Amino acid sequence: MLAVVQRINGGEVAIEGKSIAKCEGLGLLILLGVTHEDTEEDARLLGDKIAKLRIFSDENGKMNLSVTDVDGGIIVVSNFTLYASYRKGNRPDYMNSAHPSHAEPLYEYFAEHLKNYTQKVETGEFGADMKVRITNDGPVTIQLDSAVLRQPKK
């Protein structure tokens, strides 16, 4: 499972001009990609790590606070293109992305798991053509892979 996490100062997801998810003020936009081998354990590991990431500034300007520390919101958007293969040719293929029947339940599980940390979790609509508008703060953008989190700590 891959996540691209962006620290934001406001954001919104819309479908056909209608807002379906919003974060006012500090928060995170999470673009989430699911592959064939991913499980609920991947979703938990990734969700736990993201909720605790210290990427918000404290009173000294040091990135030392998590999204929960700043009472921020979270928007989670499904994004199968994170698993794009671009090695051959100029048109990426998405064969590494999980089939929607596997990906959607894990996407929903991930978003629900984040609610263990904050109730300020909103989502896009799985599989929909969405317009995502954010104010990237920093910019701070971090890519996380659940396969890395499964590896033994040294």
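Procedures and definitions
Residues numbered from 1 in each chain as written. Predicted model: local features only at pLDDT ≥ 70, side-chain atom pairs only at ≥ 80, totals over all residues. Heavy atoms only, no water. Salt bridge = Lys/Arg side-chain N within 4 Å of Asp/Glu carboxyl O. Helix = DSSP H or I, 4+ residues; strand = E, 2+ residues; numbered from the N terminus. Buried < 20%, exposed > 50% of the residue type's maximum accessible area, 1.4 Å probe, protein only. 1 Å grid on protein atoms, 1.4 Å probe; cavity = no way out; pocket = protein on both sides within 12 Å on 5 of 7 lines; lining within 4 Å. Points joined across faces, edges and corners; volume = space filled by probe spheres on them. Nonpolar A, V, L, I, M, F, W, Y, C, P; charged D, E, K, R; others polar. Pairing = 2+ DSSP bridges. Axes fitted to C-alpha atoms, helices over the stretch in contact; angles between N-to-C directions.

**Q** Can you walk me through the pattern of salt bridges in this structure?
**A** A pair can form between side chains of opposite charge whenever their charged atoms are brought close. For the coordinates displayed, the defined rule picks out six salt bridges. For R7, the salt bridge identified is with D137, shortest N-O distance 3.4 Å. Of the two residues, R7 is situated in strand β1 (residues 2-15) and D137 in strand β7 (residues 131-145); the sequence distance between them amounts to 130 residues. Using a relative accessible area of 8% as the deciding quantity, one classes R7 as buried. A relative accessible area of 23% means that D137 is categorised as partly exposed. E12 is the salt-bridge partner of R133, the closest N and O atoms lying 2.3 Å from each other. With R133 in strand β7 and E12 in strand β1, this pair connects stretches of sequence that are 121 residues apart. The exposure class of R133 is exposed, given its relative accessible area of 56%.

**Q** Would you mind going over the layout of surface pockets with me for this structure?
**A** In this structure, the largest pocket encloses a volume near 360 Å³. Of all the elements in the fold, those that place two or more residues in the lining of the largest pocket are β2 (18-33), β5 (73-78) and α2 (100-114). For the lining of the largest pocket, the class distribution of residues is 12 nonpolar, six polar and one charged.

**Q** Just to check I follow, could you spell out the sheet that holds β7 for this structure?
**A** Note: strands within a sheet are paired through backbone hydrogen bonds, in either parallel or antiparallel orientation. Read from one edge of the open sheet, five strands run β6-β5-β2-β1-β7, paired in mixed fashion. Sheet topology places β6 (121-123) and β7 at the edges, where each strand pairs with a single neighbour. Taken over all neighbouring pairs, the strand axes of this sheet differ in orientation by 30 degrees on average, direction set aside. Alignment of β2 against β5, held across six bridges, turns out to be parallel. For L28, the partnering residue across the bridge sits in β5 and is I74.

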